[in-house]
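Below, each chain spelled out in residue letters.
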Amino acid sequence: MGTKTSNDYGRDQNALSFYDDNLWRYKRLMEEALFALEAGIGFKVHSVTSRVKERQSVSDKILRKAYRAPEDELEDIVGLRMVCLYTSDLQKADSVIRNAFDVVSFEDKINDTSEDSFGYMSVHYICQLREENKGPRYDSLQGLKFEVQCRTILMDAWANVSHHLAYKGKNSLPENKKRAFHALAGLFYVADEQFQQLLHTTTDTRPSQQGGHLDRDSVKELLEELYPNREREESDEMHLLSISDFVEEAIAAGYTSLGTLREDLTRFYSQGLEHERAHPPLGEPGEKLFGVGIARATLNIANPTFRANWARGRQAWEEEEE
């Protein structure tokens, strides 16, 4: 018998025996690759997902691509997708992927596309498990390839929207819809850039003035100045949320500038420390509050309005817990 053509795979479902016979290997590969990828991520991402391509999808792709040796040519039967929050995270993701796997090939559909591209943006990696992964657990997976896709939330949203509209390229798009479609793609691109810029401005703040405006960034810098050796919340997100809450509480207590807040935090700091020693976190002697925590303890002593508001808020929280 000669080599099967792509049409043979469409007519003869037995031609997909390579898929049926290796399905258990594909599932194992998916599990191992997902574990290795997630273990290497050291920053916050939106999601990491995985899948084994369905049998019908395999058949459809063989016909669409006219593969003659699909068992060798199909490299995405197993697929992983990492969806990041910001465009700057894509470089971090690149390092994670290259450290976790042996990258066979790489396609950048973000930076290598023309300015009038249709809009789909993603980075694709064809990978294998690393050669050092040996032993009974990995022997059956050696040589199998899989794909890792990496993009931002907005790139992922655009990919899903454009896929739903069933337009695979600009040549298939009716002329009367091209302008609106490209405008929409541009909006997604601009939004991604703006999110990145917003991240930059919230993590790279300029020095505050003594009597400057009270906001999250200025108070964050003030607390780092006053309490440089204090530990902070484990994640950046929780740390910034905690500071945001504290800013709202300080403003509600009558503080209108960074100068007045600094004055009370400095003047009553020793009393705040005494309170911390008398009431250590979790009741463990010697334990210390986070920077935001010691600032709250200090203002509870310095400002009666802050203390009353804090007591009401804590009472409401305890009632909800009950």
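Rules of the game
- Residues numbered from 1 in each chain as written.
- Predicted model: local features only at pLDDT ≥ 70, side-chain atom pairs only at ≥ 80, totals over all residues.
- Heavy atoms only, no water.
- Helix = DSSP H or I, 4+ residues; strand = E, 2+ residues; numbered from the N terminus.
- Buried < 20%, exposed > 50% of the residue type's maximum accessible area, 1.4 Å probe, protein only.
- Contact = heavy atoms within 4.5 Å.
- Areas by Shrake-Rupley, 256 points an atom, 1.4 Å probe, with all protein chains shown as cover.
- Salt bridge = Lys/Arg side-chain N within 4 Å of Asp/Glu carboxyl O.
- Patch = residues over 30% accessible without salt bridge, like charges linked within 9 Å, V, L, I, M, F, W, Y side chains within 5 Å.
- Core = buried A, V, L, I, M, F, W, Y, C linked by side-chain atoms within 4.5 Å.
- pLDDT = per-residue confidence, 0-100.
- Polar contact = N/O pair within 3.5 Å; in protein donor to acceptor, adjacent residues only side chain to side chain.
- Pairing = 2+ DSSP bridges.
- Phe/Tyr/Trp six-rings, centres within 6.5 Å; stacked < 30°, edge-to-face > 60°.
- Arc of directions from axis to C-beta.

A. Molecular detail of the overall build of the protein chain. The number of helices and strands found in the protein chain is 13 helices and five strands. Here the protein chain holds 322 residues, and the buried ones make up 38% of them. Considering only contacts within the protein chain whose residues lie at least 6 apart along the sequence, 71% involve residues at least 24 apart. On the protein chain, roughly 19,400 Å² of surface is accessible, and the fraction owed to carbon and sulfur atoms is 50%.

B. A look at the pattern of salt bridges. With the rule as written, the count across this model stands at 21 salt bridges. In this structure, the salt-bridge partner of Arg262 is Glu225, at a minimum N-O distance of 2.8 Å. Of this pair, Arg262 sits in helix H10 (residues 258-267) while Glu225 sits in helix H8 (residues 216-226), and the two are 37 residues apart along the sequence. Residue Arg262 is classed as buried on the basis of its relative accessible area, which comes to 16%. Exposure remark for Glu225: the relative accessible area of 45% places this residue in the partly exposed category.

C. Quick look at a nonpolar patch on the surface. A cluster of nonpolar residues, Val161, Leu184 and Leu187, forms a patch on the protein surface that exposes about 240 Å² of accessible area. In this fold, Val161 is placed in helix H6 (residues 153-165).

D. The nonpolar core, seen in detail. Membership of the largest hydrophobic core comes to 41 residues, with the highest contact counts inside it found for Phe18, Leu37, Met82, Phe101, Phe146 and Val148. Considering each element in turn, this core owes the most residues, seven residues, to helix H2 (residues 17-40). Not counting residues within four places of it along the chain, the set of residues in contact with Leu37 comprises Val48, Leu80, Met82, Val96, Ile97, Phe101 and Val148.

E. Local environment of the confidence of the model for the protein chain. Chain-level pLDDT for the protein chain is 84 on average; 85% of the residues reach the 70-or-more range. Between the elements of the protein chain, mean pLDDT differs from a low of 51, seen in helix H1 (residues 6-11), to a high of 97, seen in strand E2 (residues 78-84). Every residue in residues 205-210 scores below 50 in pLDDT, and together they form 11 contacts with partners more than four places removed in sequence or on other chains.

F. Structural context of the side chain of Arg151. Counting through the fold element by element, Arg151 comes out in strand E5 (residues 146-152). A distance of 3.3 Å separates polar atoms of two side chains, one belonging to Arg151 and the other to Gln149. In contact with Arg151, not counting residues within four places along its chain, are Arg81, Met82, Val83, Cys84, Leu90, Tyr120, Met121, Ser122, Asp156 and Ala159.

G. Region of the structure containing the pairing of strand E4 (residues 123-129). Of all seven residues in E4, six are buried; the element is thus mostly enclosed. Both strand E3 (residues 101-108) and E4 contribute to a ladder of seven bridges, which runs antiparallel. Counterpart to Asp108 in the pairing with E4 is Val123. Where E4 lies against E5, five bridges are found, and the strand directions are antiparallel. Paired with Ile126 across the bridge in E5 is Glu147.

H. Seen up close, the packing of aromatic side chains. A complete count under the given rule lists six aromatic pairs for this structure. With a centroid separation of 6.0 Å and an interplanar angle of 35 degrees, the aromatic rings of Tyr19 and Tyr26 are classed as tilted. No difference in accessibility class separates Tyr19 from Tyr26, as the two residues are buried. The interplanar angle of 85 degrees and the centroid separation of 5.0 Å between the aromatic rings of Phe101 and Phe146 together place this pair among those described as edge-to-face.

I. Broad picture of unusual backbone geometry. Phi is positive for Ala66, which is not a glycine, with a value near 55 degrees. Of note, Ala66 is situated in the loop between helix H3 (55-65) and helix H4 (70-73). Not every positive phi belongs to a glycine, and Leu282 is a case in point at roughly 60 degrees. Turning to its location among the elements, Leu282 is positioned in the loop between helix H11 (269-278) and helix H12 (291-302). Classification of Leu282 by relative accessible area gives exposed; the value is 83%.

J. Layout of the environment of Ser57. Topologically, Ser57 is positioned in helix H3. It is 9.2 Å that separates the C-alpha atoms of Ser57 and Ile77, two residues lying 20 residues apart in sequence.

K. Structural detail: H10. Looking at H10, one finds that the buried residues are Leu258, Leu261, Arg262, Asp264 and Leu265. All buried residues of H10 fall inside an arc of 170 degrees around its axis, so they share one side. Against H8, helix H9 (236-252), H11 and H12 lie the buried residues of H10.

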